[in-house]
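# Architecture at a glance
The residues making up each chain are set out below.
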Amino acid sequence: MSTAAFHISSLLEKMTSSDKDFRFMATSDLMSELQKDSIQLDEDSERKVVKMLLRLLEDKNGEVQNLAVKCLGPLVGKVKEYQVETIVDTLCTNMRSDKEQLRDIAGIGLKTVLSELPPAATGSGLATNVCRKITGQLTSAIAQQEDVAVQLEALDILSDMLSRLGAPLGAFHASLLHCLLPQLSSPRLAVRKRAVGALGHLAAACSTDLFVELADHLLERLPGPRVPTSPAAIRTLIQCLGSVGRQAGHRLGAHLDRLVPLVEDFCNLDDDELRESCLQAFEAFLRKCPKEMGPHVPNVTSLCLQYIKHDPNYNYDSDEEQMETEDSEFSEQESEDEYSDDDDMSWKVRRAAAKCIAALISSRPDLLSDFHCTLAPVLICRFKEREENVKADVFTAYIVLLRQTRPPKGWLEAMEEPTQPGSNLHMLRGQVPLVVKALQRQLKDRSVRARQGCFSLLTELAGVLPGSLAEHMPVLVSGIIFSLVDRSSSSTIRMDALAFLQGLLGTEPAEAFHPHLPTLLPPVMACVADPFYKIAAEALVVLQELVRALWPLERPRILDPEPYVGEMSAVTLARLRATDLDQEVKERAISCMGHLVGHLGDRLGDDLEPTLLLLLDRLRNEITRLPAVKALTLVAVSPLQLDLQPILAEALPILASFLRKNQRALRLATLAALDALAQSQGLSLPPSAVQAVLAELPALVNESDMHVAQLAVDFLATVTQTQPASLVEVSGPVLSEMLRLLHSPLLPAGVLAAAEGFLQALVGSRPPCVDYAKLISLLTAPVYEQAVDGGPGLHKQVFHSLARCVAALSAACPQEAASTANRLVCDARSPHSSTGVKVLAFLSLAEVGQVAGPGPQRELKAVLLEALGSPSEDVRAAASYALGRVGAGSLPDFLPFLLEQIEAEPRRQYLLLHSLREALGAAQPDRLKPYAEDIWALLFQRCEGAEEGTRGVVAECIGKLVLVNPSFLLPRLQKQLAAGRPHTRSTVITAVKFLISDQPHPIDPLLKSFIGEFMESLQDPDLNVRRATLAFFNSAVHNKPSLVRDLLDDILPLLYQETKIRRDLIREVEMGPFKHTVDDGLDVRKAAFECMYSLLESCLGQLDICEFLNHVEDGLKDHYDIRMLTFIMLARLATLCPAPVLQRVDRLIEPLRATCTAKVKAGSVKQEFEKQDELKRSAMRAVAALLTIPEVGKSPIMADFSSQIRSNPELAALFESIQKDSASAPSTDSMELS
């Protein structure tokens, strides 16, 4: 007998003791044993434990009974299935016992067992078998009418079971429905309520036929409002509708046209509880079926507006009386409390109306401007609501309206937008004074919750309309101060007030705060000194923001800091000196002090030196060193030129030691601090300390961390300029490390720029730290030393980096530039030069640009032209690049020559066009204008070329040329669209694509006015033109959605047209004995689906998601490439707008199932198998995303598919691996597949 079994048998023995304490302790010990993962019970022990626990359920002592019930939970997972069934049988029998206590215990036991059953998703059939066992017993218990307590318990358990394990009970759904429906007319309210809940859960999981039966039953039972029926019966039916709507509203869409008018009628009966239920039902319908509710929105809106004001028992005084003194206000409130009517249900109606309004606003963003006219004024008027719960929901509804009004990202005109009358933001701006007036009293309400609601609403408002609250600052400041000095309530309201003030400092202009500083600062400083660490930390951030906003460094000071600076520094210093503080407060105090010294250090007087010494002290402490380094940086970069002599000698060695630490954030912050100190203190840095810092640097100039390397090189450049003598010892090792860095193909632009700056500093110091010629030879040595025939052994990118450095050195030493250019030309021309040397020479010439004197110019043209015929592709590309860049430096000399060559050399056209593209990109627009006509004519002659690559370069050149003179050339480009042949048209559209950048650009307004005409090319008969137009549209949606947002109503039908499979574009090609199907329309369809995906990211608000999903659904059955795209889109849609996806989940699952179960023909090539695997994986990702919508798992079709996935080992393994990949998503029990 194992020790565990022996231990358990001794516990079982104690459980039979007559002493209740023994029984209690033994049961408690058994509980601890069962909770261990390691415990293994043999069959005999299992039987004995189960038997004993079931006996203890009938124990005389209540505490022993309770413990025995708790033991059932962990026991379920440890015993065999038939033992679980024994437990369940006994519990069901006990549930129908005459003894009330035994019934209660049995009910708790069944709930415990059900909650511990493994979900069906794990593939275990235990849950299903147990539920099937219980279901029959529960239905008979519910059907018997004698004992209500048994009925209620059974309904409770059934509700639990359906919500967790609805789908596996499929066989019982019909009998459950027929058992539950009669309970809706039970005389007992509690029975009706629980039946309503259970029916809601059943509606989510049952088959479509049963759902229709349930909906029809409810509709038949709902009489017209004229028919005399008991109010309780109507209430129950409407509550049942609401419950079905919340749990399975997505399935009600088809029945809404019959349902909604009935519910609207019942709203008008004089019964507050019924009205609440009706409004709750509307809320559920709006959230789950926004599209089907479309026709009913006006009626529902007017009902909500009517009932949000429904308060028959209370007379809201007129505004004049409201503005009376505070005392009368408080006494008025007290008297109102005395008369409070406990039977008054009207507040529940108002709350339901407010929630329904929030659902209206969030489900119909397209009606936003109407809501601003109709709903917003009423919501603002209801801020005066007397019931706290209702007021919170009114605030929430208005916040939803604000969030919907927030301009979407990428809306570059957001700043000019409010000036357009009629726009949502313009209407919102008009509401601001009303909102502030309505909140004036609420900000000083005794209720903390009301004030928190005000703060969150105003924070949202300031985020949507920055700057709009500036003129209302007196009201806001007095409200903030009221909460800051309020000691009576919890600390959260003070933290909320501080957070709100911090937000205001970020969104409103600093001038608005100037008059209020004398009253605002004392309460904030009192909060800094508050004993509660969270308030102190929040207040320090506010103080820091105040300093940053009111005394900015980049503008002259308007406000005199003298009256405030002493107190601010005293209160912060007190926090800085205390060592027994919370870590967060210490860090915030250091940061706040850094800002104070950086912004107002010149006014600190005698406090400056002790403060700096304190910062030095915090640098030495391991816990506070990172914030101290950042604070030191702030002080060093300050334009106030503070004297840091007292701490420099000691601080530098400490900072040097930080460069050896493993903590990356500390190394980065230290390098930034050192660079700031070197720039501001320069010559006054003690040379010996600088040497100690420099000794650490060669190790940091390393490919393993490019960001650290960049900051290290930047610091070296700064030191070279301020103390060149210090660099003598380290320049050798640093240079060798830096050259190694330059040979990295992954060199980021920032590091390259830093390296250029450092090299320029080295040759620019007087005398130069390193000689120009030596640096050039160090840079170019690796290329020159390569074997002649070895080709470029270094990566292509490395040549560009080295060329940039050569050019940087030439720019720093203009006297050497000419000789360098001559040498480069000689190297490029020499027949003995290797490929690498030629490539480097051409790229360096391109970067050096202008070459001295007319002699070398002529020679250079010849060399470049000759190189364009070189056998090496790298040399040809480098020469082409050089020709363009050098040409941009001297247009009169090079551009006519380049155009001449393009005419004369058709074979080298591609390379010469690349040169032209470089020249157009690099030259000044004004200097290009004289040549614009010639270039335009030349490019449009080349639009009909046969090669797509050449046409692509031509399009890019046209794009760059249009930017030279947009107002003149863009209309001409549009005319070419009408006049040209197919290739010209597609080239023109591609050229327009190059006019769109992701940054604001002067051409944007002009481009926006023409974009509609360019988009008409979606109706072009030529496939390639349509494909180019889709690529252009995708670029616009991705980079500048504001260009196309207003045109989407016209563009979307054309876009959706392109997603359809066209049979006339599919042809069969014979390849020897095989026939191969070719679909010419595939590329266009793929481009259209890519556009749809981009629209999801930036224009979701403008899309009709139901229409959008129709096309996604078609794409799920299309070609491999398109299916891959639509699977990704489906996963994205499941996250962005779950409601419409949920409505058609049954239709979406079929194509996913088909993909997951498809088999590749035997004997197919390896690529076919790989493709199929990738498709399956992508489809599974979509399934996993769908399952994150809670109700999807309850769909019968999904439940069936889930069991199919579990029963197939290959699919189950794939699904599991995908869930591990998406572990960052919210994890539920193996993603509740039940």
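Residues numbered from 1 in each chain as written. Predicted model: local features only at pLDDT ≥ 70, side-chain atom pairs only at ≥ 80, totals over all residues. Heavy atoms only, no water.

Under an unreviewed UniProt entry, the protein has the name CAND2 isoform 2 and belongs to Pongo abelii. In UniProt, the protein has this text filed under Subcellular location (unreviewed entry): "Nucleus". (UniProt positions renumbered as here; feature names shortened; annotations may be inferred.)

## Considerations on the overall build of the protein
Assigned secondary structure in the protein consists of 60 helices and two strands. Considering only C-alpha atoms, the protein reaches an extent of 115 × 95 × 85 Å along its principal axes. The buried share among the 1234 residues of the protein stands at 53%. A fraction of 74% describes how many contacts in the protein between residues 6 or more apart in sequence connect residues 24 or more apart. Summed over all atoms, the accessible surface of the protein reaches about 52900 Å², with 52% contributed by carbon and sulfur. In the protein, which carries 125 positive and 159 negative side-chain charges, the distance between the mean positions of the two groups comes to 4 Å. (Helix = DSSP H or I, 4+ residues; strand = E, 2+ residues; numbered from the N terminus. Buried < 20%, exposed > 50% of the residue type's maximum accessible area, 1.4 Å probe, protein only. Contact = heavy atoms within 4.5 Å. Areas by Shrake-Rupley, 256 points an atom, 1.4 Å probe, with all protein chains shown as cover. Lys, Arg positive; Asp, Glu negative; His and termini not counted. Charge placed at Lys NZ, Arg CZ, Asp CG, Glu CD.)

## Focus on the packing of helix α24 (residues 491–507) against helix α26 (residues 533–550)
The interhelical angle for the contact between α24 and α26, taken along N-to-C directions, is 20°, at an axis separation of 9 Å. Classified by the angle between their axes, α24 and α26 sit roughly parallel to one another. In terms of crossing hand, the pair formed by α24 and α26 is left-handed. The segment α24 lies against α26, with Ser491, Arg494, Met495, Leu498, Ala499, Leu501, Gln502 and Leu505 engaging Lys534, Ile535, Glu538, Ala539, Val541, Val542, Glu545, Leu546 and Ala549. Here the residues of the contact of α24 with α26 are counted per class, giving eleven nonpolar, two polar and four charged. (Axes fitted to C-alpha atoms, helices over the stretch in contact; angles between N-to-C directions. Parallel < 35°, antiparallel > 145°, perpendicular 65-115°, else oblique. Left-handed = near helix turned anticlockwise from the far one by under 90°. Nonpolar A, V, L, I, M, F, W, Y, C, P; charged D, E, K, R; others polar.)

## So, the domain arrangement of the protein
Taken domain by domain, the protein consists of domain 1 (241–312 + 346–405) and domain 2 (771–783 + 797–853 + 860–923). Domain 1 and domain 2 are separated by 70 Å when their C-alpha centres are compared. (Domains from an automatic or database assignment.)

## Details of the environment of Leu779
Locating Leu779 in the fold gives a position in helix α37 (residues 772–784). The class of Leu779 is buried, set by a relative accessible area of 1%. Each C-alpha atom, one on Leu779 and one on His743, is 10.0 Å from the other, the two residues being 36 residues apart in sequence. Contact partners of Leu779, with chain neighbours within four places excluded, come to Leu739, Leu742, Leu759, Leu802, Cys805, Val806 and Leu809.

## A closer look at the side chain of Lys391
Along the chain, the position of Lys391 falls in helix α20 (residues 388–405). Of note is the side chain of Lys391, whose polar atom sits 3.4 Å from the side chain of Asp445. Residue contacts for Lys391: discarding those within four places in its chain leaves Phe383, Glu385, Gln442, Asp445 and Ala450. (Polar contact = N/O pair within 3.5 Å; in protein donor to acceptor, adjacent residues only side chain to side chain.)

## A few points about the pairing of strand β1 (residues 1066–1071)
With six bridges joining them, β1 and strand β2 (residues 1074–1079) adopt antiparallel strand pairing. Bridge pairing links Met1071 to Phe1074 in β2. Taking the residues between adjacent antiparallel strands as the criterion, β1 and β2 are bridged by two residues, where Gly1072 takes a positive phi near 65°. (Pairing = 2+ DSSP bridges.)

## Quick word on empty space enclosed by the protein
Considering all chains together, one arrives at six cavities of 30 Å³ or more under this definition. Estimates place the volume of the largest cavity at around 60 Å³. Lining the largest cavity, in full, are Ala510, Glu511, His514, Ala549, Leu550, Pro552, Arg555, Pro556, Ile558 and Leu559. When its residues are assigned to classes, the lining of the largest cavity shows seven nonpolar, one polar and two charged. (1 Å grid on protein atoms, 1.4 Å probe; cavity = no way out; pocket = protein on both sides within 12 Å on 5 of 7 lines; lining within 4 Å. Points joined across faces, edges and corners; volume = space filled by probe spheres on them.)

## Concerning the packing of helix α3 (residues 43–56) against helix α5 (residues 81–95)
Running from amino to carboxyl end, α3 crosses α5 at an angle of 10°, the nearest separation of the two axes being 11 Å. When the interaxial angle is binned, α3 and α5 end up roughly parallel. Between α3 and α5 lies a crossing of right-handed hand. Of the residues in α5, those touching α3 at Glu43, Glu46, Arg47, Val50 and Leu54 are Tyr82, Gln83, Thr86, Ile87 and Thr90. For the contact of α3 with α5, the class distribution of residues is four nonpolar, three polar and three charged.

## Thoughts on the nonpolar core
In terms of nonpolar packing, the biggest core is built from 427 residues, with Phe282, Tyr398, Phe842 and Leu916 touching the most fellow members. The contact partners of Leu916, leaving out residues within four places of it in the chain, are Leu895, Leu898, Leu899, Ile902, Ile935, Leu938, Leu939 and Cys957. (Core = buried A, V, L, I, M, F, W, Y, C linked by side-chain atoms within 4.5 Å.)

## A word on the packing of aromatic side chains
To describe a pair of aromatic rings, one takes the distance between the centres and the angle between the planes. Per the counting criterion, the structure on display carries nine aromatic pairs. Summarising the aromatic geometry, the rings of Phe894 and Phe897 are spaced 6.5 Å apart at their centres and angled 85° between planes, so their arrangement reads as edge-to-face. Of the two residues, Phe894 and Phe897 are both situated in helix α43 (residues 891–904); the distance of three residues between them amounts to about one turn of the helix. Look at Phe894 and you get buried, because its relative accessible area is 1%. For the ring pair Trp936 and Phe940, a centre distance of 4.8 Å and an interplane angle of 50° mean the geometry is tilted. One end of the pair is Trp936 and the other is Phe940, both in helix α46 (residues 932–941) and four residues apart, which spans about a single turn. (Phe/Tyr/Trp six-rings, centres within 6.5 Å; stacked < 30°, edge-to-face > 60°.)

## A word on unusual backbone geometry
If you check the backbone angles, Gln641 has positive phi at about 55° while not being a glycine. Inspection of the secondary structure assignment puts Gln641 in the loop between α30 (625–637) and α31 (645–658).

## Things to note about the pattern of salt bridges
Under the counting rule described, the total for this entry stands at 65 salt bridges. The salt bridge involving Lys111 is made with Asp156; its shortest N-O contact spans 3.3 Å. In this pair, Lys111 sits in helix α6 (residues 100–116) while Asp156 sits in helix α8 (residues 148–165), placing the two residues 45 residues apart along the sequence. With relative accessibility at 26%, the residue Lys111 sits in the partly exposed group. Given the relative accessible area of 24%, Asp156 is considered partly exposed. In this structure, Asp272 engages Arg275 in a salt bridge whose closest nitrogen and oxygen atoms are separated by 3.0 Å. (Salt bridge = Lys/Arg side-chain N within 4 Å of Asp/Glu carboxyl O.)

## Here's the deal with helix α53 (residues 1082–1098)
The terminal C-alpha atoms of α53 lie 25 Å apart, and with 17 residues this matches the ideal 24 Å at 1.5 Å per residue to within 8%. Of all 17 residues that make up α53, twelve are buried, and the element is covered over most of its length. All buried positions along α53 are accounted for by Leu1082, Val1084, Arg1085, Ala1087, Ala1088, Phe1089, Cys1091, Met1092, Ser1094, Leu1095, Leu1096 and Ser1098. Each element contacted by the buried residues of α53 is listed here: α51 (1023–1039), α52 (1048–1057), β2, α54 (1105–1115) and α55 (1120–1136). (Expected span 1.5 Å × (residues − 1).)

## Digging into α54
Counting buried positions over the eleven residues of α54 gives eight, a clear majority of the element. Buried within α54 are the following residues: Ile1105, Cys1106, Phe1108, Leu1109, His1111, Val1112, Glu1113 and Gly1115. On the buried face of α54, the contacting elements are α52, α53, α55, α56 (1138–1143) and α57 (1145–1157). N-capping of α54 is provided by Asp1104, with a side-chain oxygen placed 3.1 Å from the backbone N of Cys1106.

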